[in-house]
Amino acid sequence: MKVKDILEYLNGLSPFEMCEKWDNCGFLIGDKDEKIKGVLLSVDVTEHVLESAINDGQNLIIAHHPIIFGSINSVLSNTIIYKAIKANVSVIGFHTCYDNYKRGVSYILAETLELTNITQNAENLSLFIGEKHFENAAALAKEVNKSLNTNALFIDTKYPINKVAVCGGSGGDFIDAALETGADALITGECKYHELLDAYEKNFTVITAGHFETEFPAMANLSSLLSAKFPKIDIKVNSQKPPFKRLK
């Protein structure tokens, strides 16, 4: 089994061309003809993730966030890119193409939160809408914390919630779009300060549950799909959260 076989499967699942223009999805580092020894899935390619792959003999990393993003003028010995190349570890970025997939990041988030009647927004493909009743925003935030093992920040309108919009990662841009669907709340990973203030002024519940926490369930789900398709390949998921802490 070669890297190009995994690449072909991913492109068939959610074509790389579905990624946003500003993004960088697809095969980013390595040799497509390299034989696969093992695969590691992660939200990011960090020092820890790369070291874990090297130590466990995994020579392919599939990451949600691309290891190469934006303008890069040099690749020096202290960078993750250089270290991955030197270690002969291939890297695939599966970012907004997976966000925009009909069974992608936000759909899996909605399923994880046990929403029903889940639909994809036609104009904003990474925004999904589902249904579930909660007495108020605090009750919904409590359920989010439990389901995603997080400590969510939320705007409390104190109104009952029946229709919920979700967007994994940074979904502050979709507050108005969520409102237009008739949703009572938006669950996302993070928002900008002014976006939260705007939602508050509009008396709209927004729950920010963590960028990693809202995207990780989709990577775990992708691991299950890959394991079913390639049962002879050692496929693992790196579940370590980013090194950000809160005081309890």
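Residues numbered from 1 in each chain as written. Predicted model: local features only at pLDDT ≥ 70, side-chain atom pairs only at ≥ 80, totals over all residues. Heavy atoms only, no water.

Trainee: Provide a residue-level description of the overall build of the chain, including the pertinent values.
Mentor: Within the chain, the regular secondary structure consists of 9 helices and 11 strands. What you see for the chain is a C-alpha radius of gyration of 19 Å, in line with the 18 Å of a compact globule of 248 residues. Across the 248 residues of the chain, 49% fall into the buried class. Put simply, 64% of the contacts in the chain that link residues at least 6 apart link residues at least 24 apart. The positive charge centre, built from 24 side chains, and the negative charge centre, built from 31, are 7 Å apart in the chain. (Helix = DSSP H or I, 4+ residues; strand = E, 2+ residues; numbered from the N terminus. Rg over C-alpha atoms; globule rule 2.2 N^0.38 Å. Buried < 20%, exposed > 50% of the residue type's maximum accessible area, 1.4 Å probe, protein only. Contact = heavy atoms within 4.5 Å. Lys, Arg positive; Asp, Glu negative; His and termini not counted. Charge placed at Lys NZ, Arg CZ, Asp CG, Glu CD.)

Trainee: Before we move on, could you go through helix H8 (residues 193-201) and cite the residues and values that matter?
Mentor: Every buried residue of H8 is listed here: Glu 195, Leu 196 and Ala 199. Down the axis of H8, the buried set is contained in an arc of 100°. They therefore lie on one face. Turned more than 90 degrees away from the buried face of H8 sit Tyr 193, His 194, Tyr 200 and Glu 201, all of them exposed. Check the buried side of H8 and you find it contacts strand S7 (153-154), helix H7 (175-180) and strand S10 (205-208). Just downstream of H8, Asn 203 is the residue with a positive phi angle, here 60°. (Arc of directions from axis to C-beta.)

Trainee: Quick one: what's the story with the sheet that holds strand S6 (residues 128-134), residue by residue and with numbers?
Mentor: Sheet strands line up and pair through hydrogen bonds in the backbone, either parallel or antiparallel. Strand order in this open sheet of 6 strands is S5-S6-S8-S9-S10-S7, and the pairing throughout is mixed. Of all strands in the sheet, those bounded by a partner on one side alone are strand S5 (116-120) and S7. Taken together, the 3 bridges between S5 and S6 define a ladder with antiparallel strand orientation. Note on S6: the bridge partner recorded for Thr 119 is Ile 129. Against the sheet, helix H6 (residues 137-148) touches S6, S7, strand S8 (161-170), strand S9 (185-190) and S10, its axis set at about 20° to S10. Its contacts with the sheet place helix H9 (residues 211-229) against S8 and S9, and it is angled at close to 95° to S8. (Pairing = 2+ DSSP bridges. Axes fitted to C-alpha atoms, helices over the stretch in contact; angles between N-to-C directions.)

Trainee: If you had to explain the sheet that holds strand S11 (residues 235-237) to someone new, which residues and values would you point to?
Mentor: The strand order S1-S4-S3-S2-S11 describes an open sheet built from 5 strands, whose pairing is mixed. Only two strands of the sheet have a single neighbouring strand rather than two, namely strand S1 (26-29) and S11. The sheet shows a mean angle of 25° between the axes of neighbouring strands, taken without regard to direction. Both strand S2 (residues 39-42) and S11 contribute to a ladder of 3 bridges, which runs parallel. Across the sheet, Val 39 pairs through a bridge with Ile 235, a residue of S11.

Trainee: Before we move on, could you go through unusual backbone geometry and cite the residues and values that matter?
Mentor: Note: most peptide bonds trans; most residues except glycine with negative phi. The backbone phi angle of Asn 149 is positive, close to 50°, even though this residue is not glycine. Within the element layout of this structure, Asn 149 appears in the loop between H6 and S7. With a phi close to 70°, Lys 158 is a non-glycine residue in the positive phi region. Residue placement: Lys 158 occurs in the loop between S7 and S8.

Trainee: Residue-level account of the packing of helix H1 (residues 3-13) against H9, with values.
Mentor: Contact geometry for H1 and H9: axes closest at 12 Å, N-to-C directions at 125°. As judged from the angle between their axes, H1 and H9 are oblique. For the pair H1 and H9, the sense of crossing is right-handed. The segment H1 lies against H9, with Ile 6, Tyr 9, Leu 10 and Leu 13 engaging Leu 222, Leu 225, Leu 226 and Lys 229. For the contact of H1 with H9, a count of residues per class yields 7 nonpolar, no polar and 1 charged. (Parallel < 35°, antiparallel > 145°, perpendicular 65-115°, else oblique. Left-handed = near helix turned anticlockwise from the far one by under 90°. Nonpolar A, V, L, I, M, F, W, Y, C, P; charged D, E, K, R; others polar.)

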